[in-house]
Amino acid sequence: MCAVVVVPLVKPSRAAATGQADGAGAQPPAPARSNEARLEEAIGLARAIDLTIAEGLLVPVNQPRPATLLGTGKIAEIGALLDEHNAGLVIVDHPLTPVQQRNLEKEWNAKVIDRTGLILEIFGRRASTKEGSLQVELAHLNYQKGRLVRSWTHLERQRGGAGFMGGPGETQIEADRRLLQERIVRLERELEQVVRTRQLHRAKRRKVPHPIVALVGYTNAGKSTLFNRITGAGVLAEDMLFATLDPTLRRMKLPHGRTVILSDTVGFISNLPTHLVAAFRATLEEVLEADLILHVRDMSDPDNGAQASDVLRILSDLGIGEKEGAERIIEVWNKIDRLEPESHDAILQKAASRANVIPVSAISGEGVDRLMAVISERLSGVLTETTVIIPSDKQALISWAYENAVVDGREDREDGSVSLDLRLTERQAIELERKLGNDRKRDKEDWER
């Protein structure tokens, strides 16, 4: 289908532009997204559902019209473009009220989709699991609930009750709303079951205490490519907005031998519809449970500063504040292979002067070993060297050692015991001592000291 993309540049109010009207406690403004980047992103979203873009327009809007958002002159200009390209669809990269959407469709005699509707359409196509489909359908129904505008007068003539006192019968729009609400309630119940199932899975994972590392970032930042690079998984990774939607979890080994779970989550985007944030909360709870969060940024995108602010804002909405984020988040500056040599070197120097920042290329593998080492260090702490003797009746602990520690040497003894030279953390050492039954002996020695 041929479409025209319109990006309204709505002039912000003075209060919004300055942060707070009184100036007290005003927050520093977030990096502004360029108009060209907004248009490019809107076109990218449209192409993500296989639309042919006839033209993309930046439309300044000094005073939004309650009825149409845009002025009459721009409406006529866009109408002429639709006729010229024989386009039957207009994508408006801005939230539209039901009234504005309906009036614009009448003016242009074409289908009109706003930003929320477009993202919902993309998510609907990308959802491949039952959970993803349920979440998208719930968000879509909540979006449509306020946009039921048609009613059929023949149903209004049916009257309820007996005699002249009976009120008018149920209109078609009321029936549609009732059916929508019933479907929404059913979906919410099914998603509650999904939440319970996820909680059970997380409880099982806690019994086998593998740390969780979650990948988050703006859509198309390269999360899935990095996920594949680290884990060797075959997750779909394309240069496309929202190429993957459903979360993916894989086990992986860190350099020191410890097993962790890596979670690839849905990409974030600016002005993410509240319907989607609510519907996907069960999925995003994986981020809340993560021991470490990798914030993947596309450093080849000139707008990466504004994108990072959007990601941090959504994380804050989920309950991960600035203080907690500083302890749990590692910034992964991705796609440095796309940079010019001078910019590449400047990024490396800048990252070296900042804590919790690792520059990488998920395509070439540059910096990935360093990232894995930092993840290992953050999750495991300082490794210490020790030698342990595992008796013949506790041979199961050998596999535990290989899975949770670095085994530098092994000696199989004649009595059936095994001597292992290990590098492991203090916490792992205490756990191994407990499994060997040496905790009482060590406690006694500590007491005597």
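Note that the structure is predicted; figures quoted are calculated from it, not measured. (Residues numbered from 1 in each chain as written. Predicted model: local features only at pLDDT ≥ 70, side-chain atom pairs only at ≥ 80, totals over all residues. Heavy atoms only, no water.)

Turning our attention to unusual backbone geometry. Positioned with a positive phi, Asn 86 is a non-glycine residue whose angle comes to about 55°. By the element assignment, Asn 86 lies in the loop between helix H3 (72–85) and strand S3 (89–92). For Asn 86, a relative accessible area of 68% translates into the label exposed. Positive phi, normally seen in glycine, also occurs at Asn 220, with a value near 70°. On the secondary structure map, Asn 220 appears in the loop between strand S5 (212–217) and helix H9 (223–231). (Helix = DSSP H or I, 4+ residues; strand = E, 2+ residues; numbered from the N terminus. Buried < 20%, exposed > 50% of the residue type's maximum accessible area, 1.4 Å probe, protein only.)

Moving on: the side chain of Asn 334. Note on placement: Asn 334 falls in strand S9 (residues 329–334). Classification of Asn 334 as buried rests on a relative accessible area of 2%. In this structure the side chain of Asn 334 is engaged in a polar contact, spanning 3.1 Å, whose partner is the backbone nitrogen of Ala 362. (Polar contact = N/O pair within 3.5 Å; in protein donor to acceptor, adjacent residues only side chain to side chain.)

Here the focus is the environment of Arg 125. Locating Arg 125 in the fold gives a position in helix H5 (residues 115–126). Residue classification places Arg 125 among the partly exposed residues on the basis of a relative accessible area of 45%. Those residues in contact with Arg 125, other than ones at most four positions away along the chain, are Ile 49 and Asp 50. (Contact = heavy atoms within 4.5 Å.)

The next subject is the pattern of salt bridges. Overall, the coordinates contain eleven salt bridges when judged by the stated rule. We note a salt bridge from Arg 313 to Asp 310, for which the minimum N-O separation is 2.7 Å. Here Arg 313 pairs with Asp 310, and both are found in helix H12 (residues 304–318), just three residues apart, close to one helical turn. Classification of Arg 313 as partly exposed rests on a relative accessible area of 41%. (Salt bridge = Lys/Arg side-chain N within 4 Å of Asp/Glu carboxyl O.)

Here we come to the sheet that holds strand S12 (residues 406–412). Strand pairing in a sheet is mediated by backbone hydrogen bonds. Such pairs are either parallel or antiparallel. Reading across from one edge, S11-S13-S12 is the order of the three strands in this open sheet, with antiparallel pairing throughout. Strand pairing shows two members of the sheet lacking a second neighbour, strand S11 (384–390) and S12, which therefore form its edges. The average undirected angle you get between the axes of adjacent strands in this sheet is 15°. Two elements, S11 and strand S13 (residues 418–424), share seven bridges in a ladder whose sense is antiparallel. Counterpart to Val 388 in the pairing with S13 is Leu 420. (Pairing = 2+ DSSP bridges. Axes fitted to C-alpha atoms, helices over the stretch in contact; angles between N-to-C directions.)

Turning next to the nonpolar core. Of all hydrophobic cores here, the largest spans 41 residues; its most connected members are Val 5, Leu 51 and Leu 315. Looking at which element gives the most residues to this core, the answer is helix H2 (residues 35–47), with five residues. The residue makeup of this core includes at least three contributed by each of domain 1 (2–10 + 33–124) and domain 3 (209–380). Ranked by size, the runner-up nonpolar core spans 24 residues in total, among them Val 213, Leu 254, Ile 358 and Ile 375. (Core = buried A, V, L, I, M, F, W, Y, C linked by side-chain atoms within 4.5 Å. Domains from an automatic or database assignment.)

With respect to burial, S13 is a largely interior element, five of its seven residues being buried. Remark: five residues form the turn of the hairpin made by S12 and S13, two consecutive strands paired antiparallel; Gly 416 in that turn has positive phi of roughly 95°.

Further remarks concern the UniProt feature "binding site: Mg(2+)" (unreviewed entry) in the chain. Residues annotated in UniProt with the feature "binding site: Mg(2+)" (unreviewed entry) correspond here to Ser 224 and Thr 244. Structurally, the position occupied by Ser 224 is in helix H9. The class of Ser 224 is buried, set by a relative accessible area of 9%. (UniProt positions renumbered as here; feature names shortened; annotations may be inferred.)

On to helix H15 (residues 368–380). The α-helix winds at 3.6 residues per turn, so residues separated by three or four positions along the chain end up facing the same way. Here H15 is 13 residues long and its end C-alpha atoms lie 18 Å apart, about the 18 Å a rise of 1.5 Å per residue gives. By the burial criterion, the buried members of H15 are Val 368, Leu 371, Met 372, Val 374, Ile 375, Ser 376, Leu 379 and Ser 380. (Expected span 1.5 Å × (residues − 1).)

This next bit is on the pairing of S3. Here S3 shows a buried face lined by Leu 89 and Ile 91 and a second buried face lined by Val 90 and Val 92. Direction of pairing for S3 relative to strand S4 (residues 111–114): parallel, over a ladder of four bridges. Counterpart to Val 90 in the pairing with S4 is Val 112. The parallel pair S3 and S4 is bridged by helix H4 (residues 98–108), and the resulting crossover is right-handed. (Right-handed = clockwise from strand over helix to strand, strands pointing away.)

With respect to topology, six strands assemble into an open sheet ordered S6-S7-S5-S8-S9-S10, the strand pairing being mixed. The strands lining the two open edges of the sheet, one partner per strand, are strand S6 (248–253) and strand S10 (357–359). The sheet shows a mean angle of 25° between the axes of neighbouring strands, direction not considered. One ladder, built from five bridges, connects S5 with strand S8 (residues 292–298); its direction is parallel.

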